[in-house]
Structures are given as C-alpha cells and as structure tokens.
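In case you want the letters, here they are:
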Amino acid sequence: MTDVTLDVAKELIAAAEARADEIDVPMCIAVMDDGANLVGFHRMDDALLASISISQNKAYSAVSLKLDTETVWEVSQPGESLYGLGNTNDGRIITFGGGIPLESDGTVVGGIGVSGGSAEEDVDVASAAVEAFESL
C-alpha cells in the first residue's frame, strides 16, 4: 500500500503543475493523507487567491467522503439524495469538480484538490496527479 508522504505529495504536485502549465492555467494544488491532513501544497504564480482554500477543501472533501467532488456535485443537486451536503462540515465540502481521492489497494489513502480554472480544467489537472500516484 502506498502512503501519502511528503515525497509522494511532491511527485503529485509536480505532475499536476506540469499539466496546468500545458493548459496554461495557474493552479493551487493540495495533497492530503488519509486523515485529511495537509501533506503538500503549491500555489503557482498568478493562481487565484480564493483557490488556496478551495483546493484544500476539495482534497478534504475527496478524503472525507471517499468520493471525487464531481460525483459529489451530481448527488448534491436539488432533489438528489445528498442535497445540502455542501453546507456541512463548516462549509468545507466542495460540490464541484477538482477533488479526487487517492486509492491504494482499494483503500482511500489520501486526496488531491486542484483549483484555479473551470471545474473541467481542475479535474483534468487533478487527474494528472492521480495518474502519477497510480504509477508509483
């Protein structure tokens, strides 16, 4: 099983930053362990200030719910089973894409949260980090 250590977080951040550079969108990138503790954080030059806390909350959401935040968006819409979920946990639950759990041997061992672009761009950049994690 792969733990989310500082060395692992650095690799994930590097992969995410490389993808953000490719699409020319400055991002904030947060990596958390299985206890939703921040292990690594990186703010690219010119990334939105609001994205600092959003990226961290996306990683928190992915770890604490064991779901990617794109799925959280789907199940928290009006009329869906988890409508209102974004108002829980002191507002830390993010209900739009960019947060993805990190899994090792079928167990959630951490999460990545990315913010700075559209939800689709954030998912794209976070997915690059997940691919890097899966190749470790």
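See the structure shown above.
Residues numbered from 1 in each chain as written. Predicted model: local features only at pLDDT ≥ 70, side-chain atom pairs only at ≥ 80, totals over all residues. Heavy atoms only, no water.

Inspection of the entire model under this criterion finds 3 salt bridges. Among the salt bridges present, the one from Arg 19 reaches Asp 124, with a minimum N-O distance of 2.8 Å. Residue Arg 19 is located in helix α1 (residues 6-23), and its partner Asp 124 is located in helix α4 (residues 119-134); the two are separated by 105 residues in the primary sequence. Looking at Asp 124, the relative accessible area reads 28%, which means it is partly exposed. Between Asp 122 and Lys 58 there is a salt bridge; the shortest N-O distance is 2.8 Å. Of the two residues, Asp 122 sits in helix α4 while Lys 58 sits in helix α2 (residues 50-65), which places them 64 residues apart along the sequence. Judged by its relative accessible area of 2%, Asp 122 falls in the buried class. (Salt bridge = Lys/Arg side-chain N within 4 Å of Asp/Glu carboxyl O. Helix = DSSP H or I, 4+ residues; strand = E, 2+ residues; numbered from the N terminus. Buried < 20%, exposed > 50% of the residue type's maximum accessible area, 1.4 Å probe, protein only.)

All told, the structure shown has 0 aromatic pairs when counted by the stated rule. Lying across the ring of Tyr 60, Arg 92 places its NZ or CZ 3.8 Å from the centre. (Phe/Tyr/Trp six-rings, centres within 6.5 Å; stacked < 30°, edge-to-face > 60°. Lys NZ or Arg CZ within 6 Å of the ring centre and 35° of its normal.)

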